[in-house]
Amino acid sequence: MTSVYIRTIGINSERCQDSAQLAAQLGGSAAVSACADRYSAAAIRLGADGLAVIGREDRSTLNELSTGVLNAISDALRHTGTAWMGETDNVAVFTGTDGAELTFSALGSLIDRAGDAAIDRLGELKSLTNPINMMRLLSTNATYHVSKRFGAHGGGYPNQSMSLSGLSALEDAVHTLRAGISERAVVVASGNMRSFDSLVVFGKLGLLDEDAGRQQVDPAYGAAALVIDSAAAHDGPAPVAEVLAVETRFAPDPFVTVATWTGLFTAARARHGLPDLIVTYANGSRQLEETETAARDAVFGAIPTRNYKRYFGYTGKANNLLDLAAALADDSIPAGATVLLCGAGFGFGIGYLLVRKLGQPVLQ
C-alpha cells in the first residue's frame, strides 16, 4: 500500500491561535479559558503572514471561517515553507468547512432607520446589502482561497459531513493519493459552533444546560490545515506522521449507539491491531461519550486515552484535525507511537484515523 505522510500541520482556533500556543498549553497546567459570552460573534482576522501573501482583491471576499483556514495554513508553512513543494499544478485541495453565517446586520440597519415602519420598507434592504457578500457566502469560499494560496489546480473537493467533515476530507485525500491521481494534497477544516444556528440546536437538545457546574457542550470555533503526500519520506521536510488508515461509516442515528461504535472499533482492531493510544471524540455530550466509552472499553480494553477538547472547545467540523494537531504536538506521546483518533458527525456517521507519530512540528 502507498505510504501517505503528513509533512506539516497548523491551526488557528479561538483558544489556541497557533501551534506554538498549543504546545505551551499542552505543557502547562492552567486551564484554557472559555469565552465568557458564548453568543458573541466569531472575531477572526487575517494574520501578518496572510496579509503579506493574500492580494487585496482576495481579502475582500474572505469570510471568517476561510480567514481561519488561511491563518492555519500560515502556521503550517512556518514549519516548512513552500519551496519543497515544487510545481503545485497537481496539488488537490480538500475542505471540510462550515458556510458563512447569514447575519441580520442589514435588517438591523433598516430597523434603526425606519423603526416600526421597517416592515413596509423591506425593499430598501437591497441598498444596505454589500453585493460582495455573495462571494463570502459561497460554499466553495474556502476551497477557492486555499487553491489560490497554493496555486493548486489538482482539483477542489468541498466536504459536508457535519462534525466528521475534517476527517472525511482527509479520508478523501488519502484515497486520492493512494489511487495515484495526485501526489500531494492540502486538507483543511474550519467550524464555528457558536453560530446562531448551532447554539439554537444545542439549546433545543439540552446540550448547553449546566448540571452541577458542567455544561455538556462547550461551543467554540477553529480551523486546521495539513499538507500530505505520497512521496518518499525523505523527499521533502521530515514528516510529522504517517497516515496508516482512515475510515468513515454512515450511521444516520443522531446519537451514535454502542453497537455502531463497537462495529467500527472491532473492524479497526481486526485490521490494524491495538494502537498505543486513543484520542477520544467525547465532545461533551454525555450520552455520546457514554456509548463511545462502553464500546472502546469492550474492544480495546485498557489502552490509554487522551481528550483534547478542553484546549479548543467543541469546534464542529474542525475538531478531528485539531485533535490530530494536539496529538502530534503532545510531547508525552513518543515518536513511533500509533494513535487512533475517533470522530462522529450528527446524523452522518462515525470514523477513525490511525497515524504513526514520527516527530513533532518544528515551532518557529
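Residue numbering note: each chain is counted from 1, following its sequence as written. In keeping with the model being predicted, local features are shown solely for residues with a pLDDT of at least 70 and side-chain atom pairs are shown and tallied solely at 80 or more, while totals for entire chains, interfaces and linings include all residues. Hydrogen atoms and water are omitted, and side-chain values are computed over all heavy atoms in the structure.

## Thoughts on the overall build of the chain
What counts is decided by this rule: Helix and strand assignments come from DSSP, with helices taken as H or I runs of at least 4 residues and strands as E runs of at least 2, each series counted from the N terminus. Each residue is assigned to one of three classes by its accessible area relative to the maximum for its type, calculated with a 1.4 Å probe on protein chains only: buried under 20%, partly exposed between the two thresholds, exposed over 50%. Note on contacts: a residue pair qualifies if any of its non-hydrogen atoms lie within 4.5 Å across the two residues. To measure how exposed things are, a 1.4 Å probe is used in the Shrake-Rupley method; for residues, cover is taken only from the protein chains shown.
Summing up its helical and strand segments, the chain has 14 helices and 12 strands in all. Going through the 364 residues of the chain one by one, you find that 52% of them count as buried. Considering only residue pairs separated by 6 or more positions, the chain has 80% of its internal contacts joining residues 24 or more positions apart. Counting every atom, the chain has about 15,700 Å² of accessible surface; 55% of that belongs to carbon and sulfur.

## Concerning the sheet that holds strand E7 (residues 221-229)
This is how the line gets drawn: Being paired, for any two strands, means DSSP has found at least two bridges between them.
An order of E3-E2-E4-E7-E1-E8-E12-E11-E9-E10 is seen for the 10 strands of this open sheet, with the pairing classed as mixed. For this open sheet the edge positions go to strand E3 (156-158) and strand E10 (305-306), each flanked by a neighbour on one side alone. When strand E4 (residues 184-192) meets E7, the two strands line up antiparallel, connected through nine bridges. Paired with Val186 across the bridge in E7 is Val227.

## Digging into a nonpolar patch on the surface
For clarity, the cut-off: A patch consists of residues whose relative accessible area exceeds 30% and which take part in no salt bridge; residues with like charges are grouped when within 9 Å of each other, and nonpolar side chains (Val, Leu, Ile, Met, Phe, Trp, Tyr) when within 5 Å. Salt bridge criterion: a side-chain nitrogen from Lys or Arg within 4 Å of a carboxyl oxygen from Asp or Glu.
A contiguous nonpolar patch, built from Met162, Val201, Leu205 and Phe346 and spanning about 340 Å² of accessible area, is present on the exposed surface. Assessed through its relative accessible area of 43%, Val201 is described here as partly exposed.

## Focus on the pattern of salt bridges
Evaluation of the coordinates by the stated rule reveals 13 salt bridges. Asp218 serves as the salt-bridge partner of Arg15, at 2.7 Å between the closest nitrogen and oxygen. Taken together, the residues Arg15 in the loop between strand E1 (4-13) and helix H1 (19-27) and Asp218 in the loop between strand E6 (214-215) and E7 connect sequence positions 203 residues apart. For Arg15, a relative accessible area of 7% corresponds to the buried category. With a relative accessible area of 26%, Asp218 lands in the partly exposed category.

## Some remarks on the pairing of E4
With nine of nine residues buried, E4 lies mostly within the body of the structure. Relative to E4, strand E2 (residues 92-97) runs parallel, the two sharing six bridges. Pairing of Ala92 across the sheet is with Ala185, part of E4.

## Side note on the side chain of Thr61
Stated formally: Polar contacts here mean pairs of N or O atoms no more than 3.5 Å apart (in protein, one a potential hydrogen donor and the other a potential acceptor; neighbouring residues in sequence count only if both atoms are side-chain atoms).
Inspection of the secondary structure puts Thr61 in the loop between helix H3 (56-59) and helix H4 (64-80). Take Thr61: its relative accessible area is 9%, and that puts it in the buried class. Of the polar contacts made by the side chain of Thr61, one reaches the backbone oxygen of Asp58; its length is 3.0 Å.

## Focus on the environment of Gly180
With respect to the secondary-structure elements, Gly180 resides in the loop between helix H9 (165-178) and E4. Residue Gly180 is classed as exposed on the basis of its relative accessible area of 61%. Considered as a pair, Gly180 and Thr2 are 178 residues apart in the sequence and their alpha carbons are 9.0 Å apart.

## Some points on H1
Applied cut-off: This arc is built from the directions going out from the helix axis to the C-beta atoms.
Three or more residues of H1 are buried, namely Ser19, Leu22 and Leu26. An end-on view of H1 places all buried positions within 55° of arc, on one side of the element. In H1, the exposed residues that point more than 90 degrees away from the buried face are Ala24 and Gly27. For H1, the capping residue at the N-terminal end is Asp18, with a side-chain oxygen 3.3 Å from the backbone nitrogen of Ala20.

## Focus on helix H8 (residues 141-150)
The buried fraction of H8 amounts to seven of the 10 residues, a majority that puts the element mostly inside the structure. When we look at burial in H8, the residues that qualify are Asn141, Ala142, Thr143, His145, Val146, Ser147 and Phe150. The positive-phi residue at the C-terminal boundary of H8 is Gly151, with phi of around 65°.

## What to know about unusual backbone geometry
One non-glycine residue, Met162, adopts positive backbone phi at about 55°. When you line up the elements, Met162 lands in the loop between E3 and H9. Phi angles above zero are rare outside glycine, and Ala282 is one such case at about 25°. Note on placement: Ala282 falls in the loop between strand E9 (277-279) and helix H12 (286-300).

## Quick notes on the pairing of E1
With respect to burial, E1 is a largely interior element, 10 of its 10 residues being buried. Relative to strand E8 (residues 241-250), E1 runs antiparallel, the two sharing three bridges. Bridge assignment links Ile6 to a residue of E8, and that residue is Ala241. Bridge count for E1 against E7 is eight bridges, and the pairing is antiparallel. Its bridge partner lying in E7, Ile9 is registered against Leu226.

## Regarding the environment of Ala24
Secondary-structure assignment places Ala24 in helix H1. Residues Ala24 and Ala329 lie 305 residues apart in sequence; the distance between their C-alpha atoms is 9.6 Å.

## A few points about the environment of Thr97
Tracing the backbone through its elements, the reader meets Thr97 in strand E2. Considering only alpha carbons, one finds Thr97 and Ala142, 45 residues apart in sequence, at a separation of 7.4 Å. Setting aside its immediate chain neighbours within four residues, Thr97 contacts Val69, Ala142, Asn159, Gln160, Ala189, Ser190 and Lys317.

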